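What follows is each chain in one-letter form.
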Amino acid sequence: MSAVPVLAETNEAIVAKDVCKWFGEGETKVNAVNHVDLTAHFGEMLFIVGPSGSGKTTFLSIISGILRPNAGTVIVNGSNIWALTTDQRADFRLNTVGFVFQDFHLFPRLTTSENVAIPLILKRQDWNQSIVEARRYLGIVGLKSRTETLPVSLSGGEQQRVAIARAIISAPQILILDEPTASLDGETGKMIIAFVKEKVLNEHRCIIVVTHDSRIDGYADRTIHMEDGHVT
């Protein structure tokens, strides 16, 4: 009997090959992402930096399964995400990727617990159990006493921590932070990034931070520069 081949173990979280995304055609064509190759690993905090309009956020949308590329492949934890069906890709976004947006995107009429519980509710978990779990995650990010507070009563740093709790409650393997310090003062921004690296990053998770905030550069394990749609 022939031996079953054993695949070598890898810690590659994301492998993007020759990824392209353009908008428009002919003279109006804009190459937002231009033949980008990138490999990100579990256990690392990877920064993607560059000026506004360099293609960072477009590339994030591609590797997180939101925006389809015109060319290239994106492999996340062994799966070619753009070969998945629409339903499979929706499941991928819900179960594999956590996203922290620049402007937090909290629902103003929901309490912090209810905001954090949203990913579990979308998975059709029991409401009461989801709220209990949300409160636990708010405790993890240091907001145990703010579980029933509305977002309008929170500081910018507190709102960002609520957004982080919401992003990690479903234990995603990939956590993406898009300009996480843009709305924060310098010290609060450093505190948030330090918290993410010390408390959220682990050997089973890859964290990608898109930023042009040089004040937090020191927290990156590795930095990739983008400009005019290219990795430079």
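Heads up: the structure comes first, above all this text.
Read on for an overview of the structure. This one's a predicted model, so the numbers in the text were calculated from it and none came from an experiment. (Residues numbered from 1 in each chain as written. Predicted model: local features only at pLDDT ≥ 70, side-chain atom pairs only at ≥ 80, totals over all residues. Heavy atoms only, no water.)

Comments concerning the overall build of the chain
Note the threshold: In this description a helix means any DSSP run of H or I spanning at least four residues, a strand means any run of E spanning at least two, and both kinds are numbered starting from the N terminus. Any residue under 20% of the maximum accessible area for its type is buried, any over 50% is exposed, and the rest in between are partly exposed; the area is computed with a 1.4 Å probe on protein chains only. Only the protein chains shown count as cover for residues, and all accessible areas are computed by the Shrake-Rupley method using a 1.4 Å probe. Here the positive residues are Lys and Arg and the negative ones are Asp and Glu; neither His nor the chain ends is included. Taken as the charge location is NZ of Lys, CZ of Arg, CG of Asp or CD of Glu.
Helix and strand counts for the chain stand at six helices and 10 strands. Principal-axis analysis of the C-alpha atoms gives the chain an extent of 55 × 50 × 35 Å. Within the span of the chain, comprising 232 residues, buried residues form 48% of the whole. With an accessible surface of roughly 11,800 Å², the chain has 50% of that area assigned to carbon and sulfur atoms. Across the chain, the centroid of the 22 positively charged side chains sits 6 Å from that of the 26 negatively charged ones.

Notes on the pairing of strand S9 (residues 222-227)
For a regular strand, side-chain orientation follows a simple rule: the groups alternate between the two sheet faces. The test is simple: Two strands pair under a simple rule: DSSP has to find at least two bridges between them.
Direction of pairing for strand S3 (residues 45-49) relative to S9: parallel, over a ladder of four bridges. When the bridges of S9 are listed, Ile48 appears paired with Ile224. Summarising the sheet, S9 and strand S10 (residues 230-231) pair through two bridges and their orientation is antiparallel. For Glu227, the partnering residue across the bridge sits in S10 and is His230. The antiparallel pairing of S9 with S10 creates a hairpin that spans two residues between the two strands, and Asp228 there sits at a positive phi of about 55 degrees.

A look at the sheet that holds strand S6 (residues 97-100)
Threshold: Working rule for contacts: check all heavy atoms of both residues, and any pair within 4.5 Å makes them a contact. Every axis corresponds to a line fitted to the C-alpha atoms, with the helix fit spanning only the stretch in contact, and the corresponding angles, defined between N-to-C directions, vary from 0 to 180 degrees.
One open sheet accounts for six strands, arranged S6-S7-S8-S3-S9-S10; its pairing is mixed. A single partner strand is all that each edge strand has here, and the edge strands are S6 and S10. With four bridges joining them, S6 and strand S7 (residues 174-178) adopt parallel strand pairing. Across the sheet, the residue bridging to Val97 is Ile174, located in S7. Where helix H1 (residues 56-63) meets the sheet, it contacts S3, S6, S7, strand S8 (206-211) and S9, and its direction lies at approximately 155 degrees from that of S8. Contacting S6 and S7, helix H5 (residues 156-168) crosses the sheet at an angle of about 170 degrees to S6.

Some words on the pairing of S3
Of all five residues in S3, five are buried; the element is thus mostly enclosed. Burial along S3 is two-sided: the residues Met45, Phe47 and Val49 and Leu46 and Ile48 are all buried. Strand direction decides the pairing type here: S3 and S8, joined by five bridges, are parallel. Opposite Ile48, over in S8, you have Val210 as the bridge partner.

A word on the packing of helix H3 (residues 112-122) against helix H4 (residues 127-140)
Operational definition: By the definition adopted for this analysis, an angle is roughly parallel if under 35 degrees, roughly antiparallel if over 145, roughly perpendicular if from 65 to 115, and oblique otherwise. Rotating anticlockwise by less than a right angle from the far helix to the near helix defines a left-handed crossing, while the corresponding clockwise rotation defines a right-handed one. Amino acids outside the nonpolar list (Ala, Val, Leu, Ile, Met, Phe, Trp, Tyr, Cys, Pro) and the charged list (Asp, Glu, Lys, Arg) are all regarded as polar, and Gly is one of them.
It is at 8 Å that the axes of H3 and H4 come closest, and there the two elements cross at 120 degrees. The orientation of H3 relative to H4 falls into the category oblique. For the element pair H3 and H4, the recorded crossing hand is right-handed. Residues Thr112, Ser113, Glu114, Val116, Ala117, Leu120 and Ile121 of H3 form the contact with H4, whose own contacting residues are Trp127, Ser130, Ile131, Glu133, Ala134, Arg135, Tyr137 and Leu138. Class assignment of the residues belonging to the contact of H3 with H4 gives a composition of nine nonpolar, three polar and three charged.

Some points on the environment of Gly218
Secondary-structure assignment places Gly218 in the loop between S8 and S9. Sequence separation of Gly218 and Ala194 is 24 residues, and the distance between their C-alpha atoms is 9.8 Å.

Considerations on the packing of aromatic side chains
Stated formally: Here a Phe, Tyr or Trp ring, Trp counted by its six-membered ring, pairs with any other such ring whose centre lies within 6.5 Å, and the pair is stacked when the planes are under 30 degrees apart, edge-to-face when over 60, and tilted otherwise. Charge over a ring is defined by NZ of Lys or CZ of Arg lying within 6 Å of the ring centre and within 35 degrees of the ring normal.
Enumeration over the complete set of coordinates arrives at one aromatic pair. Both rings, one in Phe99 and one in Phe101, keep their centres 4.8 Å apart while their planes meet at 20 degrees; by these two values the pair is stacked. Judged by its relative accessible area of 16%, Phe99 is buried. Seen from the ring of Trp22, Lys29 lies directly overhead, with NZ or CZ sitting 4.2 Å from the centre.

Thoughts on the side chain of Thr181
Tracing the chain through its elements places Thr181 in the loop between S7 and helix H6 (186-200). A relative accessible area of 2% means that Thr181 is categorised as buried. Apart from the residues within four sequence positions on either side, Thr181 is in contact with Gly189, Ile193, Thr211, Asp213, Arg215 and Ile216.

Section: the environment of Pro151
If you trace the backbone, Pro151 turns up in the loop between H4 and H5. You can call Pro151 buried: its relative accessible area is 6%. The spatial distance from the C-alpha of Pro151 to the C-alpha of Val19 is 37 Å, given a sequence separation of 132 residues. Beyond its immediate chain neighbours, meaning those up to four positions away, Pro151 contacts Leu106, Phe107, Pro108, Leu110, Asn115 and Gln159.

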